[in-house]
Amino acid sequence: MSELIFEKKTNDNTQKRHAVSFETDGAFDLSKILKKDYMREDTPLLPSLSELEVMRHFTGLSEKNFCIEKGFYPLGSCTMKYNPKVNEWAAFLEGFTGIHPHQDDEDMQGALELMYKLQESLKILTGMEAMTLQPAAGAHGEFTGMSIVKKYFEKIGEQRTKVIVPDSSHGTNPATAHMCGFEIVQIKSDERGQVDVEDVKKNLSPDVAAIMMTNPNTLGIFEENILEISKLAHENGSLLYYDGANLNAVMGITTPHDMGFDIVHLNLHKTFAAPHGGGGPGAGPVGVVERLKGFLPVPVIEFDGEKYFRNYDLPDSIGKVKAFFGNFGVMIKAYTYILMMGMAGLKLASCDAVLNANYLKEKLKGAYKLPYDIPCMHEFVLSAENFKEFHISAMNVAKRLIDYGVHPPTVYFPLIVHEALMIEPTESESKAVLDNFVDIMHKIAEEVQIAPELLVEAPHDTPVLKVDEVQAARQLNVRYQKA
Ligand SMILES: *Cc1c(COP(=O)(O)O)cnc(C)c1O
């Protein structure tokens, strides 16, 4: 029997000792701590392989995968921009990887300084007065923001039970508001793909806590009436929440604060070049205006002019939303990106993202239906509805793109466009790549008429061919099965 002792200094400077005992002789007996249900009955079929065999296996798997380094990745709403490798270098610096969040503030001044300066940069880009980096993703940021909305109205003693979301909103908006106990009111978009102001007016009642909006919205269209909507919301005593997933269109050009928003989440893994896809990790910082500052999760990272420190003393705080600081590695990558770009570079990135999207939109609008034919921001939505008579769907187009080495765009979202193909080229791509994509899309549109079976059977040479989407969704069996 051995014993490991952990010692920890507490706030009143007394030492706390934790002892953990474990058996050192022979195998660890899991049956003493795990329920029988969780124990396997037979020994697992584990391969016994050399390092070379393992390397070949994983290198082979990596080649089967798709990534931004391999080809064009216009996955709308997800901002699959290139993630500069210098970000990885910075995240792996020993000064960052070698620290532990339980160390004292004075032992990790560098890490705290990085988080503080990242917060300050994001405050400039959003116009917000305070920021937390804790949430682990956009959806988690929304949950944090909606928790702040809830606590705010509790504090000022107002009963507000409803949250308004547009019908073009991302599914996480109504989902997170619902998780925080709000009733969801959906409002319509008008024929120009924007929130219908009259419908906002009709639905703004004294029990509306917040309106959640994305601007530019998920159709890639700038909400021109945003100032009127924010005025209406504030006159009604409601808060305005900004889903910042589309910030890549407006960096350095305008801010959510200038549009009248009170709470903002950002997606560092989208706009700020931290890699994503494959499930994370991400980071979804949340910024707020002055009057909501006290509700942020603890600890907040502060600077007293000499030292950076964690402040837990926020009486109205909603509490913690994530262990320690959040996903610190993602913050290093995002801050490196911001430093590399500078504010002028970030603005240029947004301008190029908007330019690239408009270029593609204009080149593709003849061959595909364009439901909203107005200048777009960083992305736009086509429809494959004009292929219906050939029995071809947006999904068929998406799968055929794989044959041409292009990652499919986002399909069937936003829900208000039938057979939606949502295309976001990002600023990273050259004109040659965009022109090649235009050629491929035109070729596919021709195939729809002359060889639709090519689309129906696609993809033709991927490791996994066309999958049965319905069965895949209904029968979630991912276990290895012996042939
Ligand atoms: C990606 C996205 C989200 C959710 O962000 P995650 O980081 O994936 O949780 C919310 N809204 C919009 C518009 C998005 O594109």
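Residues numbered from 1 in each chain as written. Predicted model: local features only at pLDDT ≥ 70, side-chain atom pairs only at ≥ 80, totals over all residues. Heavy atoms only, no water.

Caption draft 1: Molecular detail of the overall build of the protein chain. Helix and strand counts for the protein chain stand at 14 helices and 14 strands. Taking 2.2 N^0.38 as the reference for a compact globule, 483 residues should give roughly 23 Å; the C-alpha atoms of the protein chain span a radius of gyration of 25 Å, in line with that estimate. Summarising its shape, the C-alpha atoms of the protein chain cover approximately 75 × 65 × 45 Å along the three principal directions. Sorting the 483 residues of the protein chain into buried and exposed places 48% on the buried side. Residue pairs in contact within the protein chain that sit at least 24 positions apart in sequence constitute 66% of those at least 6 positions apart. Of the roughly 24800 Å² of accessible surface on the protein chain, 55% is carried by carbon and sulfur atoms. Of the side chains in the protein chain, 47 bear a positive and 66 a negative charge, and the two mean positions are spaced by 2 Å. (Helix = DSSP H or I, 4+ residues; strand = E, 2+ residues; numbered from the N terminus. Rg over C-alpha atoms; globule rule 2.2 N^0.38 Å. Buried < 20%, exposed > 50% of the residue type's maximum accessible area, 1.4 Å probe, protein only. Contact = heavy atoms within 4.5 Å. Areas by Shrake-Rupley, 256 points an atom, 1.4 Å probe, with all protein chains shown as cover. Lys, Arg positive; Asp, Glu negative; His and termini not counted. Charge placed at Lys NZ, Arg CZ, Asp CG, Glu CD.)

Caption draft 2: Geometry of the site of the ligand. Contacts to the ligand come from Ser77, Ala137, Gly138, Ala139, Glu142, His170, Thr172, Asp243, Ala245, Asn267, His269 and Lys270. When the free accessible area of the ligand is taken as 380 Å², the share hidden by the protein chains comes to 87%. The set of elements that each furnish at least two residues to the shell around the ligand consists of α5 (138-155) and α9 (268-271). Ranked by residues supplied to the shell around the ligand, first place goes to α5 with three residues. Tallied by class, the residues present in the shell around the ligand amount to three nonpolar, six polar and three charged. (Near = heavy atom within 4 Å. Nonpolar A, V, L, I, M, F, W, Y, C, P; charged D, E, K, R; others polar.)

Caption draft 3: Geometry of the pairing of strand β12 (residues 380-383). The alternating pattern of β12 places Phe380 and Leu382 on one face and Val381 and Ser383 on the opposite face, and all of these are buried. As judged from the four bridges shared by β12 and strand β14 (residues 420-423), these two strands associate in the antiparallel manner. Considered in β14, the bridge of leucine 382 is made with leucine 421. (Pairing = 2+ DSSP bridges.)

Caption draft 4: Seen up close, a nonpolar patch on the surface. On the surface, Leu30, Ile33, Leu34 and Tyr38 cluster together into a nonpolar patch covering about 430 Å² of accessible area. Mapped onto the elements, isoleucine 33 comes out in the loop between β2 (15-22) and α1 (51-64). (Patch = residues over 30% accessible without salt bridge, like charges linked within 9 Å, V, L, I, M, F, W, Y side chains within 5 Å. Salt bridge = Lys/Arg side-chain N within 4 Å of Asp/Glu carboxyl O.)

Caption draft 5: Inspection of the sheet that holds strand β9 (residues 286-288) at higher detail. The sheet built from seven strands is open, its strands ordered β3-β9-β8-β7-β6-β4-β5 with mixed pairing. The open sheet has two free edges, formed respectively by β3 (130-132) and β5 (183-187), since each of these has just one partner strand. Direction aside, neighbouring strands of the sheet carry axes that sit 20° apart on average. The sheet contacts of α5 involve β4 (162-166), β6 (208-214), β7 (239-243), β8 (263-265) and β9, and relative to β7 the element is tilted by about 175°. Each of β4, β5, β6 and β7 touches helix α6 (residues 172-179); the most contacted strand, β6, lies at about 155° to it. (Axes fitted to C-alpha atoms, helices over the stretch in contact; angles between N-to-C directions.)

Caption draft 6: Inspection of helix α10 (residues 328-364) at higher detail. Helix length check: α10, at 37 residues, gives a terminal C-alpha distance of 40 Å against a target of 54 Å (1.5 Å per residue), a shortfall beyond 12%. The largest bend along α10 reaches roughly 95° and is located at glycine 342. (Expected span 1.5 Å × (residues − 1). Bend = angle between axes of the 7 residues up to and from the residue.)

Caption draft 7: Layout of unusual backbone geometry. In this structure, the amide linkage connecting valine 298 to the following residue, proline 299, adopts the cis form with an omega of -5°. The residue proline 299 is located in the loop between β9 and β10 (300-303) in this model. Of note, serine 77 is a non-glycine position whose phi angle comes to about 80°, a positive value. On the basis of relative accessibility, which here comes to 6%, the residue serine 77 falls in the buried class. The phi dihedral of glutamate 419 falls on the positive side, at around 50°, and the residue is not glycine. With respect to the element layout, glutamate 419 can be found in the loop between β13 (410-411) and β14. For glutamate 419, a relative accessible area of 16% puts it in the buried group.

Caption draft 8: Layout of helix α12 (residues 431-450). An ideal rise of 1.5 Å per residue puts 28 Å on 20 residues; α12 measures up with 29 Å between its terminal C-alpha atoms. Buried within α12 we find Leu434, Phe437, Val438, Ile440, Met441, Ile444, Ala445, Glu447 and Val448. As for α12, its buried residues are in contact with α10, β12, α11 (394-403), β14 and α13 (452-456).

Caption draft 9: Molecular detail of the side chain of threonine 132. Residue position: threonine 132 is located in strand β3. Since its relative accessible area comes to 3%, threonine 132 is described here as buried. Here threonine 132 is in contact with Pro285, Val286, Leu296 and Pro297, once residues within four sequence places are set aside.

Caption draft 10: Here's a closer look at the environment of glycine 237. The topology assignment puts glycine 237 in the loop between α8 (226-235) and β7. A relative accessible area of 30% means that glycine 237 is categorised as partly exposed. Considered as a pair, glycine 237 and glutamate 158 are 79 residues apart in the sequence and their alpha carbons are 9.7 Å apart. If we ignore the near neighbours within four places in the chain, the residues touching glycine 237 are Phe153 and Arg160.

Caption draft 11: Highlighting the side chain of asparagine 356. Checked against the element boundaries, asparagine 356 lands in helix α10. Setting aside residues no more than four positions away along its own chain, asparagine 356 makes contact with Pro425, Thr426, Glu427, Glu429 and Leu434.

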